[in-house]
Amino acid sequence: MKKEEKVIVGISIGDLNGIGPEIIIKSYEDPRSLELNTPVIFASGKTMQFFKNHYKSRINLYNIDSAQKVVHGKINVVNVWNEPVKIEFGKEDKKIGEFAIKSLEAATSALKEGTIDVLVTAPINKHNIQSDNFNFPGHTNYLAEALGGNSLMFMVSDGLRVGLLTDHVPLKDAANHITEELITEKINTVITSLQQDFAIRKPKVAVLAINPHAGDNGVIGKEDDDILRPTLEKIKSEGDLVYGPYSADSFFGSNNYQKFDAVIASYHDQGLIPFKTITFGQGVNYTAGLDKVRTSPDHGTAYEIAGKGQADESSFKQAIFAAIQIFRNRVVYNQYSKNPLKKATK
């Protein structure tokens, strides 16, 4: 792929009763957005026309029946369904969840086939998507099975990157999930991603403790001393720049995170609360560890403002830009990996 070629960005529509369609439309209202990428929205022409009219948007939609028929310079819409859709903004609806999954599955299929280059997913409702045929807590787990690989929720922004040892796991079970094998797998995924996706040759990674104050020498739990610390020492002895465990309560407030290329939190809220506090509206949820690129905004369906035209598209735009940049970084990384002497002979 040449640098000047446009990246084909597949977009799954998310929950139609939420803000997903609105932020998608707003992200492409500036015609200059089509200079960098070619969007392919997986939904239906009639449904997208409804949202265009509702939000009084001037974007031009181009209907196609397959992602293979994408037209550059257009906002392409693949017709995944033909039936009419009843939109009730802000309402959780099982039928709407079915449309969200149809969109996601079609977009994922196109990603696997290579008819789109990257996937950007609009927010879903994790409850109304559940069925006998779809039983995943979210996008990350579904894509890990559909695409294969050791997926990792990697929250990224210009100044902060946060990965998770455990993601959508109840807090009471989180510590039991953290094993030497899991720690090693997740750290390796983060390091590999930093190298191939973010062009950082020798990344420096911090790992947050499982317990408050890293367990205080066993007074507040032994997991850090018995599992986390020995595993980090082993990984570091093999040459990777991995440090910790750090006490999470003061790590972000002291700006210690700025010394590292990435931070790995032990559980969901330990990492996402500070990440969203520092970067909200500009952060991106990236699924690292897969052979395909998928990003999403750092927020949910926002039912409370759905349909009102109040949604901020900033995070979705950042998700598009991040997907494009990661894709390009991977192209360069793969080229140099195949010919490691290429750089030296220039």
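Just so you know, the residues in each chain are numbered from 1, in the order the chain's sequence is written. Local features in a predicted model are, by the rule used here, given only for residues with pLDDT of at least 70; side-chain atom pairs are given and counted only at 80 or more, and totals for whole chains, interfaces and linings are based on all residues. Excluding hydrogens and water, the side-chain figures rest on all heavy atoms present in the structure.

Asker: Give a detailed account of the overall build of the chain, specifying residues and quantitative values.
Answerer: When its secondary structure is counted, the chain shows eleven helices and twelve strands. A radius of gyration in this sense is built from C-alpha atoms; the matching globule rule multiplies 2.2 Å by the number of residues raised to 0.38. For the chain, the C-alpha radius of gyration of 21 Å lies close to 20 Å, the compact-globule estimate for 346 residues. Note on contacts: a residue pair is in contact if any heavy atoms of the two residues lie within 4.5 Å. When contacts within the chain are restricted to residue pairs at least 6 apart in sequence, long-range pairs at least 24 apart make up 72% of them. All accessible areas in this document rest on Shrake-Rupley with a 1.4 Å probe, and a residue is counted as covered only by the protein chains that are shown. Accessible area of the chain: about 16100 Å², with a carbon and sulfur share of 48%. Within the chain, one finds 40 positive and 41 negative side-chain charges whose respective centroids are separated by 8 Å. Numbering goes from the N terminus for both helices and strands, where a helix is a DSSP run of H or I of at least four residues and a strand is a run of E of at least two. Positive charges are assigned to Lys and Arg, negative charges to Asp and Glu, while His and the chain termini are left out of the count. We put the charge of a Lys on NZ, of an Arg on CZ, of an Asp on CG and of a Glu on CD.

Asker: Outline the side chain of Thr301, listing residues and values.
Answerer: Relative to the helices and strands, Thr301 is located in the loop between β12 (293-297) and α10 (314-338). Residues within four places of Thr301 in sequence aside, it is in contact with Asp15, Gly18, Ile19, Pro123, Ile124 and Asn125.

Asker: Give a description of the pattern of salt bridges that names residues and reports values.
Answerer: Just to be clear on terms, a salt bridge is a Lys or Arg side-chain nitrogen sitting within 4 Å of an Asp or Glu carboxyl oxygen. Per the counting criterion, the structure on display carries eleven salt bridges. Across the pair Lys69 and Asp65 runs a salt bridge, and its minimum N-O distance is 3.1 Å. With a relative accessible area of 48%, Lys69 lands in the partly exposed category. Classification of residues uses two cut-offs on accessible area relative to the type maximum, computed with a 1.4 Å probe and protein chains only: under 20% is buried, over 50% is exposed, and between them is partly exposed. Residue classification places Asp65 among the exposed positions, given a relative accessible area of 52%. Arg330 is the salt-bridge partner of Asp197, the closest N and O atoms lying 2.5 Å from each other. With Asp197 in the loop between α6 (180-196) and β8 (204-208) and Arg330 in helix α10, this residue pair connects regions lying 133 residues apart in the sequence.

Asker: Describe the sheet that holds strand β4 (residues 75-79), with residues and values.
Answerer: Pairing between strands requires that DSSP locate at least two bridges from one strand to the other. Pairing is mixed across the open sheet formed by twelve strands, whose spatial order is β3-β4-β2-β1-β5-β12-β11-β6-β7-β10-β8-β9. The strands lining the two open edges of the sheet, one partner per strand, are β3 (61-64) and β9 (241-246). Taken pair by pair, the neighbouring strands of this sheet meet at an average axis angle of 25°, ignoring direction. Bridge count between strand β2 (residues 37-43) and β4: four bridges; the pairing is parallel. Counted as the bridge partner of Phe42 is Val78 from β4. Orientation is described by lines fitted to C-alpha atoms, with helices fitted over the stretch in contact, and by angles between N-to-C directions that extend from 0 to 180 degrees.

Asker: Just give me the short version of the packing of α6 against helix α7 (residues 223-237), but keep the residues and values in it.
Answerer: The relative placement of two packed helices is expressed as an angle between their axes plus a distance between the axes. Where α6 contacts α7, the axes come no closer than 10 Å and their chain directions differ by 45°. One way to sum up the angle between α6 and α7 is to call them oblique. Considering only the axes of α6 and α7, their crossing is right-handed. On α7, the residues touching Glu180, Ile183, Thr184 and Ile187 of α6 are Ile227, Leu228, Thr231, Leu232, Lys234 and Ile235. Each angle gets one of four labels, with under 35 degrees taken as roughly parallel, over 145 as roughly antiparallel, 65 to 115 as roughly perpendicular, and the rest as oblique. Crossings are classed by handedness, with left-handed meaning an anticlockwise turn of the near helix from the far one by less than a right angle and right-handed meaning a clockwise turn.

Asker: Can you explain the pairing of β2? Please cite residues and give values.
Answerer: Side chains on a regular strand alternate between the two faces of the sheet. β2 sits mainly inside the fold: seven of its seven residues count as buried. Taking every second residue as pointing to the same face, both faces of β2 are buried, with Asn37, Pro39, Ile41 and Ala43 on one and Thr38, Val40 and Phe42 on the other. Pairing between strand β1 (residues 7-12) and β2: six bridges, direction parallel. Within the sheet, the bridge partner assigned to Val9 lies in β2 and is Pro39. For the crossover that starts at β1, traverses helix α1 (residues 20-27) and ends in the parallel β2, the hand is right-handed. By definition, the crossover connecting two strands over a helix is right-handed if that path, from the first strand to the second, turns clockwise as seen with the strands pointing away from the viewer.

Asker: Give a description of the packing of aromatic side chains that names residues and reports values.
Answerer: Both the distance between ring centres and the angle between the ring planes are used here to describe each pair of aromatic rings. Here a Phe, Tyr or Trp ring, Trp counted by its six-membered ring, pairs with any other such ring whose centre lies within 6.5 Å, and the pair is stacked when the planes are under 30 degrees apart, edge-to-face when over 60, and tilted otherwise. Applying the stated criterion to the full structure yields 16 aromatic pairs. Between Phe134 and Tyr142, the ring centres sit 5.2 Å apart and the planes meet at 40°, which makes this aromatic pair tilted. We note that Phe134, like Tyr142, is buried. In textbook terms, an aromatic cluster arises when at least three aromatic residues are bridged by ring pairs, as seen for Tyr243, Tyr246, Phe251, Phe252, Tyr257 and Phe260. The ring of Tyr243 carries the charged tip of Lys204 above its face, separated from the ring centre by 5.6 Å. For a ring to carry a charge above it, either NZ of a lysine or CZ of an arginine must fall within 6 Å of the ring centroid while also lying within 35 degrees of the normal to the ring plane. Geometry around Phe260 places Lys204 over its ring, the cationic atom sitting 5.2 Å from the centre.

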